[in-house]
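Chain by chain, the residues run as shown.
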Amino acid sequence: MDMKATKKKLGMKERYRALTRDLGWESSYQDKDAIFPYVNYEGIKVHDWDKWEDPFRLTMDAYWKYQAEKERKFYAIIDAHAQNNGHLNITDARYLSALKIFLQAISPGEYAAHKGFARAGREFPGVGTQVACQMQAIDELRHAQTQIHAMSNYNRYYDGFHAFADARDRIWYTSVARSFFDDAMSAGPFEFMIAIGFSFEYVLTNLLFVPFMSGAAYNGDMATVTFGFSAQSDEARHMTLGLECIKFMLEQDPDNLPIVQAWIDKWFWRGFRVLGLVSTMMDYMLPKRVMSWREAWEIYGVENGGALFKDLARYGIRPPKGWDDAEKAIDHMSHQFMLGLYQWSFGTSFHSWIPSDEDMDWLSAKYPDTFDKYYRPRWAHIKKLKAAGTPFKNYGLARLCQCCQLPSVFTEPDDPTLTCHRETVYKGEKYQFCSDGCKDIFDNEPEKYIQSWLPMPALFSELGGDVGAWMNWVSLRDGDDNGDYDGSTDQKHFNEWRGLATSNL
Amino acid sequence: MSTVFIALQANEDTRPIIDAIALDNPAAVINRQPAMVKIDAPDHLVIRRETIEEQVGRPYDLQELQINLITLSGNVDEDEDTLTLTWNS
Ligand SMILES: [Fe+2]
Ligand SMILES: [Fe+2]
Ligand SMILES: [Zn+2]
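Residues numbered from 1 in each chain as written. Chains lettered and ligands numbered in written order. Predicted model: local features only at pLDDT ≥ 70, side-chain atom pairs only at ≥ 80, totals over all residues. Heavy atoms only, no water.

Student: How would you sum up the coordination of the iron ion (ligand 2)? Please name residues and give values.
Tutor: Residue and element names in this part refer to chain A. Every protein donor of the iron ion (ligand 2) is accounted for by Glu140 (OE), Glu201 (OE), Glu201 (OE), Glu235 (OE) and His238 (ND1), and the metal-donor separations fall at 2.2 to 2.7 Å. Separating the iron ion (ligand 2) and the iron ion (ligand 1) is a distance of 3.2 Å, and Glu140 donates to both of them. Taken together, the residues span about one helical turn, with Glu235 and His238 both in helix α9 (residues 222-252) at a distance of three residues. With relative accessibility at 0%, the residue His238 sits in the buried group. (Donors = N, O, S within 2.8 Å, 3.2 Å for Na, K, Ca; no water. Helix = DSSP H or I, 4+ residues; strand = E, 2+ residues; numbered from the N terminus. Buried < 20%, exposed > 50% of the residue type's maximum accessible area, 1.4 Å probe, protein only.)

Take a look at the structure:
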């Protein structure tokens, strides 16, 4: 009878507690190990799951309210984009290659993250953790859907967008991102959190989304800016979850430190290799560029990653093992990968091109120590071959790294004129690697990586090496979706339509 | 010293919020980039509900920040009055 009619509203911390931890219960019909069978085998020791709190203290009721608001904002702009010939407002149709790679390689990763977090939310015993993972699972599903939806408008007008699901499963460059997510999803729940929550979200998404979305704005692509920023508004929460997960493991038991450090070493390098694609998109595929890959790395890699590892040093964490090799690769990777994409452009479901003189001047200003010395002469040679009517095409198949699945186009950390190549023999079979980082990862878990599906061997094992049959199988239409941008249907259409839009002829 | 940061979409909702952050963090540097604003500060940044309410002229729930947030860096702590970002360096 003492209850007051109007109760004081709960504070954020009490509300969070009431709507997360208080929803949990002690099981009585089943024992805990049967309910959470995967939480111990990785060796991570946890003494008190209640110590895991979401520092944003977001509860499900607030979550739905804000996510609904984000969706309303998103669809208002997507509708306007479709109604206002948004496909003609981009700077240049070359820009679309970056979007095609995004749709074929990254958006399916969002869906994979959705599945992974749905699973992690079920496998962790802590209620705070379960709720945070559940929110992230829904976020990632939303990301996959909004990205596919936003880019579907371009599919009505341009090539290379029509079969992203086949590309995701079968084409070669997409398997870089796919193998990253498959590797994470087939790991235990704690390793999954380091792989996606920490490495991908905290260390990498800034490099992927922030300069790239700002770049989309610069290139007149409102649809992409919108899905990018809408997705990114969830990422602050995802990054925080990843960082909290690391701190939680390190605070729970000192025995967790070596396990966590080994995962940081592994997943930093795995993630850094995925960034090979991103560096090329930033330096070569945006007709108007906001910043170079090198500049983005300075801000989000060196400065932000440096701050993070300095902060974690109090637990005994050191920067990842591949950190120095990564720094040595920064001024080379985008150029080496674009040269690779250009020579194998018969097998890409997007266009590549020889950079213009103006683009090359920009590249040499941004990469004063490397571009003119190592890469401009190669482009100049390729340009001469094209002018002579004998364009440089490489119909040989690339040697892929058994771990990251990139073709081995990268050079030795200390010698940019020598291709980096490592080998391991395991159970009588030889395996190839692009770097020490990838070889170390394999050597730690060979039984996992010998099962990798690699696209080049698949061309022979599944299709007898028939490239035409392979193109049908990956839904790549030869002459439309692939090859040089110069002379492509995308180029022709864009110029015609742009002409119609800006004149009355 | 390490840099903490927060990036927000550049739009009408965030203009007064950015002003409020600048008022509460004299050491912060505001970088305006295409479609976004990134605010850097040495080691520590605080966002206060009260200061935002003075700028927007209405009651404000700090969790509304979620809608226009792009990214951040640092250890997060949030309650109904403040959101802080901190690096231990
Ligand atoms: Fe996502
Ligand atoms: Fe995410
Ligand atoms: Zn590799």
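There's more to say after this.
Student: Hey, could you go over the coordination of the zinc ion (ligand 3) for me, with residue numbers and the actual values?
Tutor: Around a metal, the idealised angle for a tetrahedral arrangement of four donor atoms is 109.5 degrees; for an octahedral arrangement of six donor atoms it is 90 or 180 degrees. Residues and elements named next belong to chain A. At 2.3 to 2.4 Å from the zinc ion (ligand 3) lie its protein donor atoms, namely Cys401 (SG), Cys404 (SG), Cys434 (SG) and Cys438 (SG). Of note, the zinc ion (ligand 3) draws all its donor residues from one chain, in the sequence arrangement C-x2-C-x29-C-x3-C. For the pair shown, Cys401 and Cys404 are each scored as buried.

Student: Just give me the short version of the sheet that holds strand β6 (residues 75-78) of chain B, but keep the residues and values in it.
Tutor: All names here are of chain B. Strand order in the open sheet formed by three strands is β4-β7-β6, with antiparallel pairing between adjacent strands. With one partner strand each, in any of the chains shown, β4 (44-48) and β6 form the two edges of the open sheet. Looking at each pair of strands side by side, their axes are set apart by 10° on average, direction ignored. Direction of pairing for β6 relative to strand β7 (residues 82-86): antiparallel, over a ladder of four bridges. Bridging across to β7, Glu78 finds its partner in Leu83. (Pairing = 2+ DSSP bridges. Axes fitted to C-alpha atoms, helices over the stretch in contact; angles between N-to-C directions.)

Student: Run through the interface of chain A and chain B, naming residues and quoting values.
Tutor: Taken residue by residue, the interface counts 40 residues in chain A and 34 residues in chain B. Both sides of the chain A and chain B interface together cover about 3,200 Å² of buried area, and 55% of this is carbon and sulfur. Here chain A is connected to chain B by one salt bridge. One salt bridge connects A:Arg57 with B:Asp77, and the closest N-O pair in it is separated by 3.2 Å. Along the contact surface separating chain A from chain B lie 17 residue pairs in polar contact (both at pLDDT 80 or more). Residue assignment for the side of chain A that touches chain B shows that the elements contributing at least two residues are α1 (12-19), α3 (60-83), α8 (189-218), α9 and α11 (293-312) of chain A. No other element matches the 10 residues that α9(A) contributes to the side of chain A that touches chain B. (Contact = heavy atoms within 4.5 Å. Buried area = accessible area lost by both parts, 1.4 Å probe. Salt bridge = Lys/Arg side-chain N within 4 Å of Asp/Glu carboxyl O. Polar contact = N/O pair within 3.5 Å; in protein donor to acceptor, adjacent residues only side chain to side chain.)

Student: Any chance you could break down the pairing of strand β1 (residues 3-9) of chain B for me, citing the residues and the numbers?
Tutor: All names here are of chain B. Burial of β1 is extensive: seven of the seven residues sit out of reach of the surface. Burial along β1 is two-sided: the face carrying Thr3, Phe5, Ala7 and Gln9 and the face carrying Val4, Ile6 and Leu8 are both buried. Pairing of β1 with strand β3 (residues 36-42) involves seven bridges; the strand directions are antiparallel. Looking across to β3, one finds that Leu8 is bridged to Val37. Direction of pairing for β1 relative to strand β5 (residues 69-73): antiparallel, over a ladder of four bridges. By the bridge assignment for β5, Ala7 is matched with Thr71.

Student: Can you lay out the side chain of A:Gln104 for me, pointing to particular residues and giving the numbers?
Tutor: All names here are of chain A. Structurally, Gln104 is set in helix α4 (residues 96-123). Among the polar contacts listed, one links the side chain of Gln104 to the backbone oxygen of Gly160, at a separation of 3.1 Å. Each residue touching Gln104, except ones within four places of it in the same chain, is listed here: Gly160, Phe164, Ala167, Arg168, Tyr173, Thr174 and Ser349.

So, to be careful, I would describe these as geometric facts and stop short of saying anything about function.
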